[in-house]
Amino acid sequence: MDDDKIFDEVREVDLKKTMENSYIDYAMSVIAARALPDVRDGLKPVQRRILYSMIELNNGPDKPHRKCARIVGDTMGKYHPHGDSSIYDALVKLAQEWNTRYPLVDGHGNFGSVDGDGAAAMRYTEARLTKISMEMLADINKDTVDFIPNFDETEKEPTVLPSRYPNLLVNGTTGIAVGMATNIPPHNLREITSAAVKMINNRIDEERETDIEEILEIVKGPDFPTGAQILGVRGINEAYRTGRGKIKVRAVSEIEPMQNGKHRIVITELPYMVNKAMLIKKIADLVKDKRVDGITDLRDESSREGMRVVIEVRRDANPNIILNNLYKHTQLEDTFGVNMLALVNNEPKVLSLPDMLKYYIKHQEEVVTRRTQFDLNKAEERAHIVEGLLIAIDNIDEVIRIIRAAANVAEAKANLIERFSLSEAQAQAIVDMRLRALTGLEKEKLEAEYKELLAKISYLKSILADEKILLGVIRDEMQLIADKYGDDRRTSIGEDEDELVDEDLIPEENAVLTMTHLGYFKRTSVDNFHAQNRGGRGIKGVQTLEEDFIEDILMTTTKHYILCFTNKGRVYKMKVYQIPEAGRNARGTAIVNLLQLDPEEHVTAVIPLKEFSENKYLIMVTKHGIIKKTPQTEYANIRKNGIIAMTLQEDDELIEVKTTDNTREIFMVTKYGVCIRFKDTDIRSTGRSAMGVRGMNLSVGDEVVGMQLSTQGEALLIVSENGLGKRTLRKEFPLQKRGGKGVKCYKITDKTGDVVGVKAVNPDHEVMLITNEGIIIQIKCDEVSMTGRNTSGVKLMKIDADSNVSVAGIAKVREEIRIPGVNGEEPDETINESNNENDSEITEEVVDTEVTEEEKSDETDDKE
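Rules used throughout
- Counting restarts for each chain, with residues numbered from 1 along the sequence as it is written.
- Restriction of local features to residues with pLDDT of at least 70 applies here, the model being predicted, together with a cutoff of 80 or more for giving and counting side-chain atom pairs; totals for whole chains, interfaces and linings are based on all residues.
- As a convention, hydrogens and water are excluded, and side-chain values are obtained from all of the structure's heavy atoms.
- UniProt positions are given in the numbering used here, feature names are shortened, and annotations may be inferred rather than shown by experiment.
- The helix and strand labels rest on DSSP assignments: H or I over at least four residues marks a helix, E over at least two residues marks a strand, and numbering proceeds from the N terminus.
- Salt bridges are identified by distance alone: a Lys or Arg side-chain nitrogen within 4 Å of an Asp or Glu carboxyl oxygen.
- Partly exposed residues are those whose accessible area sits between 20% and 50% of the maximum for their type, while under 20% is buried and over 50% is exposed, using a 1.4 Å probe and protein chains only.
- In plain words, nonpolar cores are sets of buried Ala, Val, Leu, Ile, Met, Phe, Trp, Tyr and Cys residues tied together by side-chain atoms within 4.5 Å.
- As annotated, the domain borders come from an automatic or database domain assignment.
- Contacts between residues were defined by any pair of non-hydrogen atoms, one from each residue, lying within 4.5 Å.
- We treat two strands as partners when DSSP finds at least two bridges between them.
- Helix axes are fitted only over the stretch in contact, all axes being lines through C-alpha atoms; the angle between N-to-C directions runs from 0 to 180 degrees.
- Sulfur atoms of two cysteines make up a disulfide when they are within 2.5 Å.
- Note that the term roughly parallel is reserved for angles under 35 degrees, roughly antiparallel for angles over 145, roughly perpendicular for angles of 65 to 115, and oblique for everything else.
- The crossing is said to be left-handed when, going from far helix to near helix, the turn is anticlockwise and less than a right angle, and right-handed when the turn is clockwise.
- Classes in brief: Ala, Val, Leu, Ile, Met, Phe, Trp, Tyr, Cys and Pro nonpolar; Asp, Glu, Lys and Arg charged; the others, Gly included, polar.
- The sign given to each residue is positive for Lys and Arg and negative for Asp and Glu; His and the chain ends receive no count.
- Counted as a polar contact is a pair of N or O atoms within 3.5 Å, where, for protein atoms, one must be capable of donating a hydrogen and the other of accepting one, and residues adjacent in sequence contribute only when both atoms are in side chains.
- Any residue with relative accessible area above 30% and no salt bridge may belong to a patch, with like charges joined within 9 Å and the nonpolar Val, Leu, Ile, Met, Phe, Trp and Tyr side chains within 5 Å.
- Surface accessibility follows the Shrake-Rupley procedure with a 1.4 Å probe radius. Residue values consider only the protein chains on display as shielding.
- To locate a charge, the coordinates of NZ of Lys, CZ of Arg, CG of Asp or CD of Glu are taken.
- Arc definition: it is the arc formed by the directions from the helix axis to the C-beta atoms.
- A helix is expected to span 1.5 Å for every residue after the first.

### Re the UniProt feature "coiled-coil region" (unreviewed entry) in the chain
Mapped onto the present numbering, the UniProt feature "coiled-coil region" (unreviewed entry) falls on residues 436-463. Segment residues 436-463 splits into 86% helix and 0% strand. End C-alpha atoms: 37 Å apart.

### Description of the pattern of salt bridges
Applying the stated criterion across every chain, the model contains 53 salt bridges. A salt bridge links Arg 371 to Glu 477; the nearest nitrogen and oxygen atoms lie 2.8 Å apart. Of this pair, Arg 371 sits in helix α13 (residues 353-394) while Glu 477 sits in helix α18 (residues 467-485); the two residues are 106 residues apart in sequence, bridging distant segments of the chain. By relative accessible area, Arg 371 is classed as buried at 11%. Overall, the relative accessible area of 22% leaves Glu 477 in the partly exposed class.

### Quick notes on the UniProt feature "active site" (unreviewed entry) in the chain
Residues annotated by UniProt as "active site" (unreviewed entry) correspond here to Tyr 124. Mapped onto the fold, Tyr 124 is located in the loop between β2 (105-108) and β3 (126-129). By relative accessible area, which is 53% here, Tyr 124 ends up exposed.

### A short note on the nonpolar core
Counting residues in hydrophobic clusters, the biggest one holds 78 residues, and the most contacted among them are Leu 51 and Leu 357. The residues that make up this core include at least three from each of domain 1 (43-162) and domain 3 (356-485). In contact with Leu 51, not counting residues within four places along its chain, are Leu 43, Leu 94, Leu 104, Val 105, Leu 129, Leu 137 and Leu 161. By size, the runner-up hydrophobic cluster in this structure holds 24 residues, among which are Val 274, Ile 283, Ile 322 and Leu 323.

### Topic: the sheet that holds strand β37 (residues 766-771)
Taken together, three strands build an open sheet; the order of strands is β38-β37-β40 and the sheet is antiparallel. Edge positions in the open sheet fall to β38 (776-780) and β40 (807-812), since each of these has one partner strand only. Geometrically, the sheet is characterised by an average inter-axis angle of 25° between neighbouring strands, direction not taken into account.

### Re the state of the cysteines
As enumerated under the stated definition, the model contains zero disulfides in all. With no disulfide of its own, Cys 675 lies 5.1 Å from the sulfur of Cys 745, the closest cysteine sulfur. By relative accessible area, which is 1% here, Cys 675 ends up buried. Overall, the relative accessible area of 0% leaves Cys 745 in the buried class.

### Re the packing of helix α8 (residues 189-206) against α18
Look at α8 against α18: their axes get within 10 Å of each other, and the N-to-C directions meet at 165°. It follows that α8 is roughly antiparallel to α18 by the angle criterion. Considering the relative orientation of α8 and α18, their crossing is left-handed. Seen from α8, the contacting residues are Leu 189, Arg 190, Thr 193, Ala 196, Val 197, Ile 200, Asn 201, Arg 203 and Ile 204; seen from α18, they are Glu 467, Lys 468, Leu 471, Gly 472, Ile 474, Arg 475, Met 478, Gln 479, Ile 481, Ala 482 and Tyr 485. In terms of residue class, the contact of α8 with α18 is made up of eleven nonpolar, four polar and five charged.

### Focus: unusual backbone geometry
Of all residues except glycine, most have a negative phi; of all peptide bonds, most are trans. A positive phi angle, near 60°, is found at Glu 153, a position not held by glycine. With respect to the helices and strands, the residue Glu 153 is situated in the loop between β4 (147-149) and β5 (156-158). Residue classification places Glu 153 among the exposed residues on the basis of a relative accessible area of 65%. For Asn 662, which is not a glycine, the phi torsion comes out positive at approximately 65°. Of note, Asn 662 is situated in the loop between β28 (654-660) and β29 (665-670). Here Asn 662 falls in the partly exposed class, since its relative accessible area comes to 29%.

### Some words on the side chain of Asp 652
For Asp 652, the location among the structural elements is in the loop between β27 (643-644) and β28. Buried charge Asp 652 goes without a salt bridge, the closest partner of opposite sign being Lys 623 at 6.0 Å. Within the structure, the side chain of Asp 652 is placed 3.4 Å from the backbone nitrogen of Lys 623, a separation counted as a polar contact. For Asp 652, the side chain forms a polar contact with the main-chain nitrogen of His 624, separated by 3.1 Å. Not counting residues up to four positions away in its chain, the partners in contact with Asp 652 are Thr 622, Lys 623, His 624 and Ile 626.

### A word on a nonpolar patch on the surface
A surface patch of nonpolar side chains, about 290 Å² in accessible area, is lined by Ile 400, Leu 435 and Leu 438. Relative to the helices and strands, Leu 438 resides in the loop between α16 (424-431) and α17 (440-465).

### Here's the deal with the environment of Asn 171
As for its position among the elements, Asn 171 is in helix α7 (residues 167-171). Between the C-alpha atom of Asn 171 and that of Thr 100, which follows or precedes it by 71 residues, the distance is 5.9 Å. Among all residues touching Asn 171, those that are not within four sequence positions of it are Thr 100, Arg 101, Tyr 102, Leu 104, Tyr 165 and Pro 186. A polar side-chain atom of Asn 171 sits 3.3 Å from the main-chain amide nitrogen of Arg 101.

### Examining the sheet that holds strand β13 (residues 309-313)
What the four strands build is an open sheet, ordered β10-β11-β13-β12; its pairing is antiparallel. Of all the strands in the sheet, just β10 (252-257) and β12 (295-300) have a single pairing partner and so form its edges. Shown here is a sheet whose adjacent strand axes are inclined to one another by a mean of 20°, direction ignored. Here strand β11 (residues 263-269) pairs with β13 via five bridges, running antiparallel. Along β13, the bridge assignment pairs Val 266 with Val 310.

### Concerning a negative patch on the surface
A contiguous patch of negative charge, built from Glu 714, Asp 764, Asp 782 and Glu 783, is present on the exposed surface. Tracing the backbone through its elements, the reader meets Glu 783 in the loop between β38 and β39 (794-795). The class for Glu 783 is exposed, based on a relative accessible area of 58%.

### A short note on helix α12 (residues 319-329)
In an α-helix, one full turn covers 3.6 residues, which means residues spaced three or four apart are oriented alike. Within the sequence span of α12, burial applies to Pro 319, Asn 320, Ile 322, Leu 323, Leu 326 and Tyr 327. The buried residues of α12 occupy one face: seen down the axis, they fall within an arc of 160°.

### A short note on α17
Here α17 is 26 residues long and its end C-alpha atoms lie 38 Å apart, about the 38 Å a rise of 1.5 Å per residue gives. On its buried face, α17 sits against α13 and α18.

### Focus: the packing of helix α4 (residues 68-78) against helix α5 (residues 84-95)
In contact at an axis separation of 10 Å, α4 and α5 are set at 120° when each is read in the N-to-C sense. When the axis of α4 is compared with that of α5, the two are oblique. In the crossing of α4 with α5, the sense of the turn from one axis to the other is right-handed. Residues Cys 68, Val 72, Thr 75 and Met 76 of α4 touch α5, and the partners they reach there are Asp 84, Ile 87, Tyr 88 and Leu 91. Class assignment for the residues of the contact of α4 with α5 results in six nonpolar, one polar and one charged.

### Quick look at the pairing of β29
Counting buried positions over the six residues of β29 gives six, a clear majority of the element. The alternating pattern of β29 places Glu 665, Phe 667 and Val 669 on one face and Ile 666, Met 668 and Thr 670 on the opposite face, and all of these are buried. Pairing geometry for β29 and strand β30 (residues 674-679), over five bridges, is antiparallel. Note on β30: the bridge partner recorded for Glu 665 is Lys 679. The turn joining β29 and β30, which pair antiparallel and follow one another in sequence, is formed by three residues; a positive phi near 80° is taken by Gly 673. In this structure, β29 lies alongside strand β32 (residues 704-709), joined through five bridges in antiparallel fashion. Within β32, the residue paired with Ile 666 across the bridge is Leu 709.

Encoded structure:
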């Protein structure tokens, strides 16, 4: 009866307290055993169990793929007693190259797509480990990590993997637990390894901890598998210092001109974890709802070669404005919220970048120590056995006699132990010894093995005895992995236009700016050219398109200004460091991607300036012969979308801009072969928005094709549309006053056609002629005849008289880079075209010297 009372008893419990306790238990289970990664190997339990199951299945990169259903079944049955779908989802993500920076699983079959398509069912797909995932599991059989019983205590599973590279940072992770979440971005293997190596070297060489500033110099920022561009470094610095931060990521896009005068926006890289199909649908909805206007076509041209989403823009629309609207309203610009939360000793902690690397290095110290101890034990055991075998071979006759005299194996072993003072293991090895061990060759092998074992034992003991040697082993092995599996960055670091840039943090370095005829711009380090061809004639500065060529090469520094003048009379300003840096052979970035140009607007001149001086002026010339001189200070404040540099008449265009200091002479040449020469002091200084004054009195229908300065060359090279040309010395042209009719500079006939271009040149210069069909020819100036003013010259380019082909433009060749002295030194190489009367004025402030005048933009009349 008392027993019945016990079962029928009703116990009152506090429901609030019971729920709290139960929920806390559940929350801690999710945090520690499901959602958060371990700081040491960067894996969640399900990922760790998948990889361990695959290595147990002998499913390595050198073996055939196995059915995913088999891998999932083994993982679930042995280690992970949860749903098979959660295991398969984790397996699929480890194989998707757009999800995992360095995939740990090599998938075979349909594993989904960046459009959000799911993987095929696990019964159809196959998988195996990748080569880099073998580094995660390396030496796991050498007692490097602890093993614990599985859920039913029938198997053993590792608590953590050896992880021979910093996987938590390299591949990142995302996880939502209860009351907390983690979001660690992926990084570049080489950068993270270099940072870890730096920390180890500081401990070995200087016995000090590493400052975060040293690490930030090495780790530039996250490196997403989908590439894209990170805007600004403020979010990166905040995340690395505190463990939390917001990183703005933007798609990589380019505005390309089309044949019919329209433009198209081409997107080639998307922010991390952005669904391409959903993005395209969102853009289509914006166009449908008229929230974004000006898009005429939208299509996905992605293929196995790469991603390509094309957005065609209406002819009268500004592609830059449309692109900025798409950044605002779609995931073309996204924010990655960094939350570097990981388990440290099974407790969740928010960690800075140095903390993560410290915990990883500490884990490697334990792994390498345990592996070394394991190898040492094995080596000592083997050395002990070999030592016994050598004793037996040296006393082989007596050993044989003892064994033959013994009644059984146990007696033989006991007698051998007593006679030769052997251990149990040595005696067992001797009785197990085969007759072949008695040969001379086998004895030599044993002696050599014993010698090697003694050296190995000594080395392994030195690792265990000296922390610096141990750290050196970790460093060398980590570096080998980085060299073997490392690759270049995919994600570039750009500037955030909304983020105030502290220019003091940007180093002032010499830079080479290159601009091509079709409007591609890039910045290159001067060191790049020094390293390539020291003391030589020169090196090619850019890889251009077939119908393109270099038209401008400017020597400047990263903190100087660049003024870009357009045919519409507007001017745009940017700092040199804002121009994307590219390799020596790279084409660069289209200028339309850097400036908010209107349709039909193109850059006609580029002026580099260190500062805006009151004593220096900008001289501008239009095709209708209007000339204007304005102090540089008038252009100190320029908005992002540009300002008016010169007010133009309705059908006029700005064709040339030069810098002067009231000491130069100006040459203007027209298409009817007339030239005027006058001093720059003849032009009165006017304000920025003024229209200017008459530079030359033109005949009806005539227009200016070029303006040159006396400092740019000793002779004028004049070229006509039918490919004829000549050189005429400057002194042949009389000095006149501004606004005159000028004098004849070229004899125009039906054979020559109108003048299309003029350049002031020296004999060692070279020029490019380009036709209206894109054919280019390069000519040395000393091969062009020097003749008088009223002549037509010689044939420079063969043009078919019956065709519609004609010369469209002329430009100086600038394929070779001229490197001035650095840090105040005299110039040590001269490998550019510069060779004029003002070369003596070259200093390290290249931008404000005469060399800038001759190296700045020549005519780029109507590039397109």
